Amino acid sequence: MEWAIIKEDLSHPDRNGVERFIERMERSLRNGGTPIEGFQFLNSPLEMLRFTREIEEEILASPEGSDLYVGFQNSEKLEGERNRYRKILEAGVRTVGFGVGDAPDFLAGTGAEWVSLPMDRHLLVNQWFLVSANPVPIAFVGWEISCDDQFGVGGVTQRGKGFEGFVTSDPRVITALVDYLDHLREGANKPDDEVADPSWELPSELKMDTEDDSVPVMMGRDHSDLRLNVPVRRILAVTDLHGSAEFNRLRGWATELAIANASQLVLFEMSAASYLVNPYPEEDRRQWQRILTWRELLPLGRAPLARQLARIQARGIEAHAILPSTHGFKHLARWAELGDIDLILLPISLVRPGLLARLRGYSLVTLMEHTDRMVMVVAANGTMCPANFGDDLFSLQPDGAGVRSLVA
């Protein structure tokens, strides 16, 4: 992957080359696998500034073992952030800064590293960026698209300034970016040594040839204790394609709840929403934007999701799926209304989700603001707590023998 705007990118109708760069990055780093996820395209300087402040605050909240690679374009911009970055450095965050010019004086004795760059507006390293692998893997890149005489000059909201970029939590992007930035850092620290070109081969643990799409089941059990005292015709549960233990368990408990209440089950595949790839085909796209059967998922390239549905249906449950095209639970709430959903199931991790999930609208608070449907939160052990319905707060709580009755 070449981390720069190249001639091929500039030949695109996108005259700035940023969109073409992102498309090229996505093709390169997905390595034939699933699309880049946890991704959001940005073109608002104020929104970009909000993202960077959220990232800095998240790192300050958990500084031990944290790292931060940050691009300021030039040393004057870092000087303007002196107070904020003093706090970050005093907290013990390992920090590497990049920009044109010498390191500001306040970095002396702090342990921070500064990589002085030649001016080149086409290189990613000369842009505005924050990349961190710990404590929250995240990467933000804001590519300045202003005129040459404004590049790197003044604040981000100054008249005439323009930026395009992205934020992502996909480990493939973060791993490759950290490798690239470490390569530049090592070259700056050893200018007389030849620094070998870094390998862009993805780590083996990030290559997924097959997906775990299992649905855990609790066969031969009495489901009477899972019956709700309100009618539930159709249940929606969130899922993904990557075999995470959390979503596997949620599908299993959702299946049991559907059996107990003679309900249909609809899986909402969160990983389908991507700023890079639309889950629906270009031709006749509108006809596909509906609740789908497992057979209809196959030509859309969602075989793992189709297998999830097929395994649920083998339990005697009518099951379908939704492929969202937009991030956030506001979008899920619209689907719940269109799909006549009675009950929404969320994993407990989305009650207090991570940084990028929060910023993209994946939180229980966001969902509650946009839906009047019943919502239930499901813990790893199967405990189910209603978020917005019932005369009294209750939970469905399993024990060694199965699942107990409603507990006040």
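You'll find the structure just up there.
Definitions and limits used
- Residues numbered from 1 in each chain as written.
- Predicted model: local features only at pLDDT ≥ 70, side-chain atom pairs only at ≥ 80, totals over all residues.
- Heavy atoms only, no water.
- Axes fitted to C-alpha atoms, helices over the stretch in contact; angles between N-to-C directions.
- Helix = DSSP H or I, 4+ residues; strand = E, 2+ residues; numbered from the N terminus.
- Parallel < 35°, antiparallel > 145°, perpendicular 65-115°, else oblique.
- Left-handed = near helix turned anticlockwise from the far one by under 90°.
- Contact = heavy atoms within 4.5 Å.
- Buried < 20%, exposed > 50% of the residue type's maximum accessible area, 1.4 Å probe, protein only.
- Pairing = 2+ DSSP bridges.
- Salt bridge = Lys/Arg side-chain N within 4 Å of Asp/Glu carboxyl O.
- Phe/Tyr/Trp six-rings, centres within 6.5 Å; stacked < 30°, edge-to-face > 60°.

*Asks:* How should I be thinking about the packing of helix H3 (residues 45-61) against helix H5 (residues 82-90) in this particular structure?
*Replies:* The description of two packed helices rests on the angle between their axes and on the distance between the axes. Packing of H3 against H5 leaves a shortest axis separation of 10 Å and a crossing angle of 30 degrees. In terms of orientation, H3 lies roughly parallel with respect to H5. Seen from above, H3 lies across H5 with left-handed handedness. Across from Arg 53, Glu 56, Glu 57 and Leu 60 in H3, the residues of H5 making contact are Arg 84, Tyr 85, Lys 87 and Ile 88.

*Asks:* Mind showing me how you'd approach the environment of Ile 317 here?
*Replies:* With respect to the helices and strands, the residue Ile 317 is situated in the loop between helix H10 (303-313) and strand S10 (319-322). Judged by relative accessible area, which is 7%, Ile 317 ranks as buried. Put simply, Ile 317 and Ala 258 are 59 residues apart on the chain and 7.1 Å apart in space, counted from C-alpha to C-alpha. The contact partners of Ile 317, leaving out residues within four places of it in the chain, are Thr 255, Ala 258, Ile 259, Ser 263, Leu 265 and Ile 312.

*Asks:* So what exactly am I meant to see when it comes to the environment of Leu 60 here?
*Replies:* Among the secondary structure elements, Leu 60 is positioned in helix H3. You can call Leu 60 partly exposed: its relative accessible area is 24%. Linking Leu 60 and Pro 135, residues 75 residues apart in sequence, is a C-alpha distance of 9.8 Å. In this structure, Leu 60 is in contact with Lys 87, Ile 88 and Ala 91, ignoring residues within four places of it in sequence.

*Asks:* For this particular structure, what's the right way to read the sheet that holds strand S12 (residues 374-378)?
*Replies:* The strands making up a sheet associate through hydrogen bonds between their backbones, and the pairing can be parallel or antiparallel. Spatially, six strands are ordered S10-S9-S8-S11-S12-S13 in an open sheet, and the strand pairing comes out mixed. What marks the edges here is a single partner per strand, and that holds for S10 and strand S13 (384-386). Taking each pair of neighbouring strands and ignoring which way they run, the sheet shows an average axis angle of 25 degrees. As paired elements, strand S9 (residues 264-269) and S10 share four bridges and run parallel to each other.

*Asks:* Got a minute to help me understand the pattern of salt bridges in this structure?
*Replies:* Pairing between side chains becomes possible if they bear opposite charge and their charged atoms approach one another. Enumeration over the complete set of coordinates arrives at 20 salt bridges. Close ionic contact of Glu 8 with Arg 20 constitutes a salt bridge, the shortest N to O distance being 3.8 Å. Taken together, the residues span a long stretch of sequence, with Glu 8 in helix H1 (residues 7-10) and Arg 20 in helix H2 (residues 18-30) at a distance of 12 residues. Notably, a salt bridge pairs Arg 290 with Glu 296, separated by 2.9 Å at the nearest N-O pair. Taking relative accessible area as the criterion, Glu 296 reaches 21% and is therefore assigned partly exposed.

*Asks:* It is not clear to me how the packing of aromatic side chains should be interpreted in this structure. Could you clarify?
*Replies:* Any aromatic ring pair is given by two values, namely how distant the centres are and how the planes are angled relative to each other. Under the criterion given, the structure shown has eight aromatic pairs. Ring geometry for Trp 3 against Phe 21: centres 6.2 Å apart, planes inclined by 55 degrees, an arrangement best described as tilted. Within this pair, whereas Trp 3 is found in the segment before H1, its partner Phe 21 is found in helix H2, the two being separated by 18 residues in sequence. The exposure class of Trp 3 is buried, given its relative accessible area of 3%. Seen in terms of ring centroids, Trp 128 and Phe 140 are 5.1 Å apart; in terms of plane orientation they differ by 75 degrees. Their pairing is edge-to-face. A residue pair is termed long-range when its members are at least 10 positions apart, and Trp 128 in strand S5 (residues 128-132) and Phe 140 in strand S6 (residues 138-144) qualify at 12 residues. With relative accessibility at 13%, the residue Trp 128 sits in the buried group. Owing to a relative accessible area of 0%, Phe 140 belongs among the buried residues under this scheme. Three or more aromatic residues joined by ring pairs make a cluster, and in this case those are Trp 3, Phe 21, Trp 143 and Tyr 180.

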